[in-house]
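Residue-level structural notes
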Amino acid sequence: MKRLAVLTSGGDSPGMNAAIRAVTRAAIYRNLDVIGVRRGYEGLLDGDVIPLTKSSVGGIIHRGGTILRTARSERFKRPEGVNEGLSRLRSLDVDGLVVIGGDGSFRGAQELHLRGFPVVGIPGTIDNDLWGTDATIGFDTAVNTALDAVVKLRDTASSHDRLFVVEVMGRHSGWIALSVGVASGAEHVVIPEVSFELGRLCDKLHYAKKRGKTHSLIVLAEGVMPAQELASLLSDTAGYDARITVLGHIQRGGGPSAADAILASRLGAFAVESLCDGEKGIMVGCVNGAMCTVPLEKTWAERKPLPPELLELVETLSI
Ligand code: ADP
């Protein structure tokens, strides 16, 4: 192996830069050449590449976003697009590719793998919805960003005796909502993994009010329904006047937390080590504190379950 390429693809997440830095420095440490592909698979098809050096990745470990930028590429979703990407990698003399992204990006990486190209994935998404790793890069930071906002909203909720619905990101998964719910002491968490029962939620709100609770916070995962819809349901069925806050893309921004910067550094270095050891078609992950690998296709085919204990905690601690 002489030359590696690295790209970031799909939605950005805090810690992607730390992963780019780790891949670059670990590769240079092993006397490999490194190039960065800008704008994900779209940039690969355009041949939009830059050399990455020890110094060009200096000072980025704590920066949010991705210095390589990211994109979604419709062209790469077609077989001809993947073949074109493969030819581009070969013409650039690249022997291995590191893809930092989520499940969509890994589906693209799998297509390259099926055509015989050595690819390793690094889980970079705030959603934490990939099987094979306890956490994805950016999840911890996103939870902390959302927590900060929810804690502030609680001040207003309690001062004004209000009911607040806070919508957090996570796509089809409730990892962010559940974690924020537990960390903020929210009264209720509404997530896609647990079937939504309006009657049950109204009962809980009603009993809480009866025993003197003057305000409540509901953390809602975007994958269930928009906050406005839940507020309308609460108003139409039980007359609750809920205020809504949609946190949106601020959850994807900002520099990484210490946990994410460390995770990204470990996964970046381990991705290079794995490629050099001849591993391909895999994602690197961290399970129970140890680095591990998992076939790319398993990362989206299997659903990572939410910890049942956390689900229970929301119920027991919000009485
Ligand atoms: P994420 O990686 O954050 O889940 P997306 O789902 O948007 O983001 O996927 C990022 C990119 O990965 C897509 O724009 C596309 O270029 C590529 N991709 C997704 N699915 C496939 C596929 N089945 N074949 C080839 N490329 C794909």
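First, a word on scope: everything that follows refers to the structure included in this document.

Rules used in this analysis
Residues numbered from 1 in each chain as written. Predicted model: local features only at pLDDT ≥ 70, side-chain atom pairs only at ≥ 80, totals over all residues. Heavy atoms only, no water. Pairing = 2+ DSSP bridges. Helix = DSSP H or I, 4+ residues; strand = E, 2+ residues; numbered from the N terminus. Axes fitted to C-alpha atoms, helices over the stretch in contact; angles between N-to-C directions. Contact = heavy atoms within 4.5 Å. Phe/Tyr/Trp six-rings, centres within 6.5 Å; stacked < 30°, edge-to-face > 60°. Buried < 20%, exposed > 50% of the residue type's maximum accessible area, 1.4 Å probe, protein only.

Picture the strands of a sheet paired through backbone hydrogen bonds; they go either parallel or antiparallel. If you trace the seven strands from one edge of the open sheet to the other, you get E3-E2-E1-E4-E5-E10-E11, paired in mixed fashion. Each edge of the open sheet carries a strand with a single partner, namely strand E3 (49-51) and strand E11 (290-295). Going across the sheet, the axis of each strand differs from the next one's by a mean of 30°, ignoring polarity. In this structure, strand E10 (residues 282-287) lies alongside E11, joined through six bridges in antiparallel fashion. Among the inter-strand pairings, Met283 is bridged to a residue of E11, identified as Val294.

This brings us to the side chain of Ser105. When you line up the elements, Ser105 lands in helix H4 (residues 103-114). Setting aside residues no more than four positions away along its own chain, Ser105 makes contact with Ser9, Gly10, Tyr41 and Val99.

Pairing in this open sheet of four strands is parallel, and the strands run E7-E8-E6-E9 from one edge to the other. Each of the sheet's edge strands pairs with one partner strand only, and the pair in question is strand E7 (188-190) and strand E9 (242-246). Mean inter-strand twist for the sheet, computed between neighbouring axes without regard to direction, equals 20°. By the bridge criterion, five bridges tie strand E6 (residues 163-168) to E9 in an arrangement that is parallel. Bridge pairing in E9 places Leu163 opposite Ala242. Sitting on the sheet, helix H5 (residues 139-159) touches E6, strand E8 (216-221) and E9, and the angle it makes with E6 is about 170°.

Glancing now at the packing of aromatic side chains. On inspection of all chains with the given rule, the structure shows two aromatic pairs. Here Tyr41 and Phe76 contribute two aromatic rings whose centre-to-centre distance is 4.0 Å and whose plane-to-plane angle is 0°, an arrangement assigned as stacked. Here Tyr41 is found in helix H2 (residues 40-46), whereas its partner Phe76 is found in the loop between E3 and helix H3 (79-91), with 35 residues between them in sequence. The same class applies to Tyr41 as to Phe76, namely buried. Summarising the aromatic geometry, the rings of Phe139 and Trp175 are spaced 6.1 Å apart at their centres and angled 90° between planes, so their arrangement reads as edge-to-face. With Phe139 in helix H5 and Trp175 in helix H6 (residues 175-184), this pair connects stretches of sequence that are 36 residues apart.

All we've got here are geometric facts, nothing functional implied.
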